[in-house]
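Descriptive analysis of the structure
Listed here are the chains, written in short residue letters.
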Amino acid sequence: MAAACVALWVVCVLRVTLATVYFQEEFLDGERWRNRWVQSSNDSQFGHFRLSSGKFYGHKEKDKGLQTTQNSRFYAISARFKPFSNKGKNLIIQYTVKHEQKMDCGGGYIKIFPADVDQKNLNGKSQYYIMFGPDICGFDIKKVHVILHFKNQYHSNKKSIRCKVDGFTHLYTLILRPDLTYEVKIDGQSIESGSIEYDWQLTSLKKMEKASAESKDWDQATEKPQDWEKHFLDAGASKPSDWNSELDGDWQAPMLQKPPYQDGLKPEGIDKDIWLHQKMKHTNYLTEYDLSEFENIGAIGLELWQVRSGTIFDNFLITDDEEYAENFGKATWGETKDPEREMDAIQAKEEVKKAREEDEEDFQMGRFNGQENNFRRFYRRNEL
């Protein structure tokens, strides 16, 4: 039994060792977070963040995160890390968000930026690679954004992914895999998954790009060689027996042209689709169209608008290991989610009790005032 436990411990340690953690932030060192996060000065009206665990929490220190503090403001803040490429690897982005103010209209999403982003001038026009997380506004918009930057355009997931709308902390996870599959989790549970190519409506874009590439390859394949103009008579040809010189003119032997060969294939007389299949079957065509690969990931940030402030962002993680992300979520949000709800329930009971006591006090005061008024009316009546 002991040996089995040791073996399991070794496996867990090895797994953690194999995981690459590009960024991890829990705000456990107090105000030192200001040395890592840069507030944008692009607009003097941008709202400011503070470190807070909110009015109710599971653990006062562990639940501290960046909290928006001013109503009806844009916010822009970011943190930088060592640049990396996720080519050929998983990319997992995870964080917690708590709309303590019961969000009515505003963003709770994060953005992943290229390493050359100008942090001090971060704003809504700053190019980003990925935008992920909840967005709420009124009764219509209650969704999880998953937006990817591809071919100089932003593309949204075409599926409707509903976000959480209560005032508790929730764990949001996005997984992008090199096989062009993805998964969105909330609170550790998978709520959406599928193909990046199809769920981002990139199929038509890829087909258009592919058609252009195929057309270019076909044109190059049928391009005339330098000696194309060299013609010669077909010496083996003879005048047809039904040739009428009066009607058809003088007969001449047909001119032959040197057929253009390329890569051992002859385009003339071969169906274009067959030609291209033969031409491209050994080329890794799809590698030119990487829909979820980003070469220079280097910053994470919050760039959003909120009508009512109070949202808390915490437990940021960027890694290439799904199991590490799952364990990190359990060790952070998983440990404090239940105590958070318990504290909220206790506070709610205390508020109800206090409200009842105030109502009863008001009632007693009203009744006393009523008795005093009756006495005064009686006394004045006797005077008359």
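Scanning the protein from N- to C-terminus turns up 7 helices and 18 strands. Buried positions account for 39% of the 384 residues belonging to the protein. Counted over contacts in the protein with a minimum sequence separation of 6, partners at least 24 positions apart contribute 70%. Split by element, the accessible area of the protein, about 22,900 Å² in all, is 50% carbon and sulfur.

This next bit is on a negative patch on the surface. A grouping of E357, E358, D359, E360, E361 and D362 is seen on the molecular surface, where their side chains present a negatively charged patch. Topologically, E358 is positioned in helix α7 (residues 333-383). A residue is classified by how much of its surface remains accessible, and E358, at 40% relative accessible area, is partly exposed.

Bringing the packing of aromatic side chains into the picture now. All told, the structure shown has 18 aromatic pairs when counted by the stated rule. Where F81 meets F84, the ring centres are 6.1 Å apart and the plane angle is 35 degrees; that geometry is what we call tilted. Taken individually, F81 and F84 each receive the classification buried, so the pair is uniform in this respect. In textbook terms, an aromatic cluster arises when at least three aromatic residues are bridged by ring pairs, as seen for Y22, F23, F27, W37, F81, F84, Y95, F132, Y172, F313 and F316. It is K98 that lies over the ring of F56; its NZ or CZ is 4.1 Å from the centre. Cation over ring: R341 sits above F168, and NZ or CZ is 4.0 Å from the ring centre.

The backbone of K151 sits at a positive phi, close to 55 degrees, despite the residue not being glycine. Locating K151 in the fold gives a position in the loop between β10 (141-150) and β11 (153-156). Look at K151 and you get partly exposed, because its relative accessible area is 37%. Phi is positive for L180, close to 65 degrees, though the residue is something other than glycine. You can see L180 is positioned in the loop between β12 (169-176) and β13 (181-186). We classify L180 as partly exposed; its relative accessible area is 22%.

Let us look at the side chain of D63. Among the secondary structure elements, D63 is positioned in the loop between β3 (49-52) and β4 (65-68). As a buried residue without a salt bridge, D63 has its nearest oppositely charged side chain in K98, at a separation of 6.2 Å. One polar contact links D63 to T336, side chain to side chain, over a distance of 3.0 Å.

Moving on to the pairing of strand β8 (residues 110-114). Counting buried residues along β8, 5 of its 5 residues qualify, which places the element largely inside the surrounding structure. One ladder, built from 3 bridges, connects β8 with strand β9 (residues 130-137); its direction is antiparallel. The residue bridging I112 from the neighbouring strand is I130, located in β9.

The subject of this paragraph is the nonpolar core. Membership of the largest hydrophobic core comes to 58 residues, with the highest contact counts inside it found for W37, I130, I300 and F316. With 6 residues, the single largest contributor to this core is strand β5 (residues 73-84). Apart from residues lying up to four places away in sequence, I300 is in contact with F23, W37, I77, S78, A79, F81, I110, K111, I112, F113, F316 and I318.

Below, the discussion takes up the confidence of the model for the protein. Regions with low pLDDT carry predicted coordinates that are not meant to be interpreted in detail. With 68% of its residues at a pLDDT of 70 or more, the protein has an overall mean of 81. Predicted confidence for residues 4-14 stays below pLDDT 50, and this span has 0 contacts to residues more than four positions away or in other chains.

With that out of the way, let us pick up the pattern of salt bridges. Under the counting rule described, the total for this entry stands at 14 salt bridges. One salt bridge in this structure joins R308 and D104, with 3.3 Å as the shortest N-O distance. Note that R308 is positioned in the loop between β17 (297-306) and β18 (311-319) and D104 in the loop between β6 (91-99) and β7 (105-107), a separation of 204 residues in sequence. For D104, a relative accessible area of 30% gives the class partly exposed. Note that R177 is salt-bridged to E322, the shortest N-O span being 2.9 Å. A residue pair is termed long-range when its members are at least 10 positions apart, and R177 in the loop between β12 and β13 and E322 in helix α6 (residues 322-331) qualify at 145 residues. In this structure R177 comes out as buried when scored by relative accessible area, which is 18%.

Rules and cut-offs
- Residues numbered from 1 in each chain as written.
- Predicted model: local features only at pLDDT ≥ 70, side-chain atom pairs only at ≥ 80, totals over all residues.
- Heavy atoms only, no water.
- Helix = DSSP H or I, 4+ residues; strand = E, 2+ residues; numbered from the N terminus.
- Buried < 20%, exposed > 50% of the residue type's maximum accessible area, 1.4 Å probe, protein only.
- Contact = heavy atoms within 4.5 Å.
- Areas by Shrake-Rupley, 256 points an atom, 1.4 Å probe, with all protein chains shown as cover.
- Patch = residues over 30% accessible without salt bridge, like charges linked within 9 Å, V, L, I, M, F, W, Y side chains within 5 Å.
- Salt bridge = Lys/Arg side-chain N within 4 Å of Asp/Glu carboxyl O.
- Lys, Arg positive; Asp, Glu negative; His and termini not counted.
- Charge placed at Lys NZ, Arg CZ, Asp CG, Glu CD.
- Phe/Tyr/Trp six-rings, centres within 6.5 Å; stacked < 30°, edge-to-face > 60°.
- Lys NZ or Arg CZ within 6 Å of the ring centre and 35° of its normal.
- Polar contact = N/O pair within 3.5 Å; in protein donor to acceptor, adjacent residues only side chain to side chain.
- Pairing = 2+ DSSP bridges.
- Core = buried A, V, L, I, M, F, W, Y, C linked by side-chain atoms within 4.5 Å.
- pLDDT = per-residue confidence, 0-100.

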